[in-house]
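# Structural overview for review
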Amino acid sequence: MPDYTAIKLLGIAGVLSYATARLATKAGVIGYSRYTLVAVPVGGMPKSRRGYRVDPIPPEALAKFPYDPNVEEQARRFAQGLTCLAAYNARDEFVGVTWVGTGPFDESMVHLRFVVPETAIWDTGLWIHPDHRLGRAFAALWAGTAEWMQAKGRVWSMSWIADYNLPSLLSHRRMRSATVGHITTVRFFRWQYMAEGIPKFVRIDRGAPAEMHMPLPESSLALT
């Protein structure tokens, strides 16, 4: 269970979500997850990637690097139109990636399709090589994301975060993220229920996934 400091920061909802997810995992036939939906304004992202370069990387080049997820999951993301941005340090070492896109994205963890507004992108799968997690690779990838967004005229980067993932929630908060909603999914054998999705009930082994249309924050943070 989270410690007392984490409990204070997460709140009762986050702690209960953590406990319920653990119990559902142990049960096996039942799945439970609760996520916070966040939007990061381009104005809150790091401005500099000094000492790093961030470029789109094609599938065949990415497959050569020691990177998780596997090649099959990478291919699934590329097939959905996502761009993989790779970061390299001053020694030209591969240090991490993030995935960004403007179109709908089908998530593999649950039977769900995310749809973002025309002024936003979807970001997912930010990963830093373990040897470089104490450096500026994280900031470099977000700076590269901001440049990619600005080239496409987008001002919000949207994603979902498990509501008990405190490090990720805090790192997004430092970039002035706005919470735009929450989603809770419950799986029982082949069926999934999500109150916020359309439709609410879907069968995960057939048919289209539920859709979640991400709302824009009610603020102008993205412009500053």
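Now for a look at the structure at hand. (Residues numbered from 1 in each chain as written. Predicted model: local features only at pLDDT ≥ 70, side-chain atom pairs only at ≥ 80, totals over all residues. Heavy atoms only, no water.)

Taken as a whole and judged by the stated rule, the model has 11 salt bridges. Among the ionic pairs, Arg77 bridges to Glu73, the shortest N-O distance being 3.1 Å. Here the residue Arg77 and the residue Glu73 both occupy positions in helix α3 (residues 71-79), the gap between them amounting to 4 residues, near one helical turn. Judged by relative accessible area, which is 11%, Arg77 ranks as buried. On the accessibility criterion, Glu73 (14% relative accessible area) is buried. Close ionic contact of Arg113 with Glu211 constitutes a salt bridge, the shortest N to O distance being 3.6 Å. Residue Arg113 is located in strand β6 (residues 112-115), and its partner Glu211 is located in strand β12 (residues 210-213); the two are separated by 98 residues in the primary sequence. The partly exposed category is assigned to Arg113, whose relative accessible area is 23%. (Salt bridge = Lys/Arg side-chain N within 4 Å of Asp/Glu carboxyl O. Helix = DSSP H or I, 4+ residues; strand = E, 2+ residues; numbered from the N terminus. Buried < 20%, exposed > 50% of the residue type's maximum accessible area, 1.4 Å probe, protein only.)

Turning our attention to the nonpolar core. In terms of nonpolar packing, the biggest core is built from 33 residues, with Leu62, Val97, Leu112, Phe114, Trp160 and Ile183 touching the most fellow members. Residue assignment for this core shows that the elements contributing at least two residues are β1 (30-41), β3 (83-88), β4 (94-101), β6, β7 (120-128), β8 (156-162), β9 (178-188) and β12. With 4 residues, β8 is the largest single contributor of residues to this core. Contact partners of Ile183, with chain neighbours within four places excluded, come to Ser33, Arg34, Tyr35, Leu37, Leu112, Phe114, Trp160, Met194, Glu196 and Met212. Ranked by size, the runner-up nonpolar core spans 19 residues in total, among them Val54, Val100, Ala137 and Met149. (Core = buried A, V, L, I, M, F, W, Y, C linked by side-chain atoms within 4.5 Å. Contact = heavy atoms within 4.5 Å.)

Okay, the packing of aromatic side chains next. Applying the stated criterion across every chain yields a total of 11 aromatic pairs. Look at Tyr67 and Trp127: their rings are 5.1 Å apart centre to centre, the planes differ by 70°, and that puts the pair in the edge-to-face class. Pair noted here: Tyr67 is in the loop between α2 (59-62) and α3 and Trp127 is in strand β7, with a separation of 60 residues, a long-range link. Here Tyr67 and Trp127 have matching classes, each one buried. For the pair Phe78 and Trp99, a centre-to-centre distance of 4.8 Å together with 65° between the ring planes defines the contact as edge-to-face. Of the two residues, Phe78 is situated in helix α3 and Trp99 in strand β4; the sequence distance between them amounts to 21 residues. For the pair Phe78 and Trp99, a shared accessibility class is recorded, and that class is buried. Each member of the aromatic cluster is reached from another via a ring pair, and the members are Phe65, Tyr67, Tyr88, Phe94 and Trp127. (Phe/Tyr/Trp six-rings, centres within 6.5 Å; stacked < 30°, edge-to-face > 60°.)

That is the geometry; function is a separate question.
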